[in-house]
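Summary of structural features
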Amino acid sequence: MKRARRAPDEALRRALDDVRARCDVAARREADPVHFVHRYATLEDREIVALIASALAFGNVKALCAKIEDALGRLGPRVASMADDPEEVRKRLSGWKHRVYRDRDLASLVVGARRVQRAHRSLGAALEAKLARASDLREALSAWAAEIREEGEFGEATGSQEPPGRGAEHILPDPGKGSAVKRLMLFLRWMARPADGVDLGLWSLSPSRLLVPVDTHIHKLSMNLGLTERKAVSWKAAEEITASLRRLDPDDPVKYDFSLCHLGMLQGCPSRRDPVKCEGCGVKPVCRYWQAGRSGRGGA
Ligand code: SF4
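Residues numbered from 1 in each chain as written. Predicted model: local features only at pLDDT ≥ 70, side-chain atom pairs only at ≥ 80, totals over all residues. Heavy atoms only, no water.

With respect to the overall build of the protein
A count of helical and extended segments in the protein gives 16 helices and two strands. The C-alpha radius of gyration of the protein comes to 20 Å, within 12% of the 19 Å expected for a compact globule of 300 residues. The dimensions of the protein, computed from C-alpha atoms along their principal axes, are 70 × 40 × 30 Å. Within the protein, the fraction of its 300 residues that count as buried is 55%. Taking all contacts inside the protein whose residues are at least 6 apart in sequence as the whole, residues at least 24 apart take part in 68%. (Helix = DSSP H or I, 4+ residues; strand = E, 2+ residues; numbered from the N terminus. Rg over C-alpha atoms; globule rule 2.2 N^0.38 Å. Buried < 20%, exposed > 50% of the residue type's maximum accessible area, 1.4 Å probe, protein only. Contact = heavy atoms within 4.5 Å.)

Here you go:
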């Protein structure tokens, strides 16, 4: 399949700004797990809820939202306070599961996050502390996730008859292993990007340090737009896509993520010029497949 050359940065910026402007934020937020975070008022509840919602943000959006709803309903309206009682958390989550994750995995995440939150005042402050000692975001995030995993370990003397699960180690990925850690990056985006009706702007971490949360939609569109040539969804691909977006906005490169991801969810992109499936696609003017077909000239 032929593709045109990557569009100039100015054309990319215009197209992506237009996609952002045309995004029905209120409607799309309701179809996105971030909407759970907006239900809560305090920083401590929002951090824990955001960590739960982002950790489960994979697969069918309707199914994952139902599982988040179930988990949050069990934990009650004051999630952070509830997390101060590990045995109660386990009891309330008993029997909960979502695909590969079991009740113990989620309970460990909640309890570990709360312990780290109490030790540092917030999960954001905990990450800032790691950043102060690390050489880059990846190293800091790796240490931050490791602390939550360690703090979330349950002793064996709980008397629980529940299926084992693997604890927070299972549900909270390690960025050091080379994957794009999309769910962690989603969590960071929600916390650190300025409040815009979707993201919440709760942390002082500069948005310029964030990496794009790369899921299949973002990866496919990024390939089509020439933001990356990497075929695998990996940390390096996330870096490359973010570097491309940084050229459009150095201070806030991931601001395009929400609208672009939802465009991908709605469009059913075929990654080829298809007048029916491409109808209404906001990135047509800079899509290499669409432009190649239009001009009749292929290229790298
Ligand atoms: S124009 Fe078509 S191929 Fe290109 S990104 Fe949009 S839907 Fe995909």
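Description of the layout of surface pockets
Leftover empty space is mapped by rolling, across the atoms, a probe with the size of a water molecule. The volume enclosed by the largest pocket comes to roughly 370 Å³. In terms of lining residues, the largest pocket is bounded by 23 residues, among which A57, K182, D215, C261 and M265 are the most central. Looking at the lining of the largest pocket, the elements that each hand over two or more residues are α5 (61-75), α12 (182-192), α13 (216-225) and α15 (257-267). The element contributing the most residues to the lining of the largest pocket is α15, with five residues. When grouped by side-chain class, the residues that make up the lining of the largest pocket number 12 nonpolar, five polar and six charged. (1 Å grid on protein atoms, 1.4 Å probe; cavity = no way out; pocket = protein on both sides within 12 Å on 5 of 7 lines; lining within 4 Å. Points joined across faces, edges and corners; volume = space filled by probe spheres on them. Nonpolar A, V, L, I, M, F, W, Y, C, P; charged D, E, K, R; others polar.)

Remarks on empty space enclosed by the protein
In total, this model carries two cavities of 30 Å³ or more according to the counting rule given. Estimates place the volume of the largest cavity at around 90 Å³. Looking at the largest cavity, it is lined by 14 residues, and the ones nearest its centre are N224, C269, C278, C281 and C287. Partitioning the lining of the largest cavity into residue classes produces eight nonpolar, three polar and three charged.

Describing the nonpolar core
If you look at the biggest cluster of nonpolar residues, it comprises 91 residues, and the most contacted ones within it are W144 and V283. Split by domain, this core shows at least three residues from each of two domains, domain 1 (1-29 + 203-295) and domain 2 (33-197). When sequence neighbours within four positions are dropped, the list of residues in contact with V283 reads L16, V19, L221, L225, L260 and L263. (Core = buried A, V, L, I, M, F, W, Y, C linked by side-chain atoms within 4.5 Å. Domains from an automatic or database assignment.)

With respect to the domain arrangement of the protein
Partitioning the protein into structural domains gives domain 1 (1-29 + 203-295) and domain 2 (33-197). If you average the C-alpha positions of domain 1 and of domain 2, the two centres end up 28 Å apart. With 22 residues of domain 1 in contact, the opposing surface of domain 2 contributes 28 residues. Here domain 1 meets domain 2 over a buried area of about 2,300 Å², counting both sides, of which 66% is carbon and sulfur. Remark: the boundary between domain 1 and domain 2 carries two salt bridges. Notably, a salt bridge pairs R193 with D252, separated by 2.8 Å at the nearest N-O pair. Contributing elements (two or more residues each) for the side of domain 1 that touches domain 2: α2 (25-30) and α15. Each residue belonging to the side of domain 1 that touches domain 2 can be placed in one class, and the counts come to 13 nonpolar, two polar and seven charged. (Buried area = accessible area lost by both parts, 1.4 Å probe. Salt bridge = Lys/Arg side-chain N within 4 Å of Asp/Glu carboxyl O.)

So, the packing of aromatic side chains
Within this structure, the stated rule accounts for three aromatic pairs. Ring geometry for F58 and Y101: centres 5.7 Å apart, planes at 85 degrees, overall edge-to-face. Note that F58 is positioned in the loop between α4 (43-55) and α5 and Y101 in strand β2 (residues 101-102), a separation of 43 residues in sequence. Note on F187 and W203: the rings are 5.4 Å apart at their centroids and 80 degrees apart in plane angle, and the pair reads as edge-to-face. Here the residue F187 occupies a position in helix α12, and W203 occupies one in the loop between α12 and α13, the gap between them amounting to 16 residues. (Phe/Tyr/Trp six-rings, centres within 6.5 Å; stacked < 30°, edge-to-face > 60°.)

Observations concerning the pattern of salt bridges
For the structure shown, the criterion picks out 24 salt bridges. A salt bridge links R3 to E229, with the shortest nitrogen-to-oxygen separation between them at 3.4 Å. Taken together, the residues R3 in the segment before α1 (9-22) and E229 in the loop between α13 and α14 (235-246) connect sequence positions 226 residues apart. Among the ionic pairs, R272 bridges to D274, the shortest N-O distance being 3.1 Å. Residue R272 is classed as partly exposed on the basis of its relative accessible area, which comes to 34%. For D274, a relative accessible area of 13% puts it in the buried group. Several salt bridges converge on common partners, so that one network encompasses E44, D45, R78, D84, R114 and R118.

Let's talk about unusual backbone geometry
Notably, V181 is not glycine yet its phi reads approximately 40 degrees, a positive angle. Mapped onto the elements of the fold, V181 is located in the loop between α11 (168-171) and α12. Its identity is not glycine, yet S271 carries a phi of approximately 55 degrees, on the positive side.

A short note on the site of the ligand
Near the ligand there are 13 residues, and of these C269, R272, C278, C281 and C287 occur at the shortest range. Looking at the shell around the ligand residue by residue, the class counts come to eight nonpolar, three polar and two charged. (Near = heavy atom within 4 Å.)

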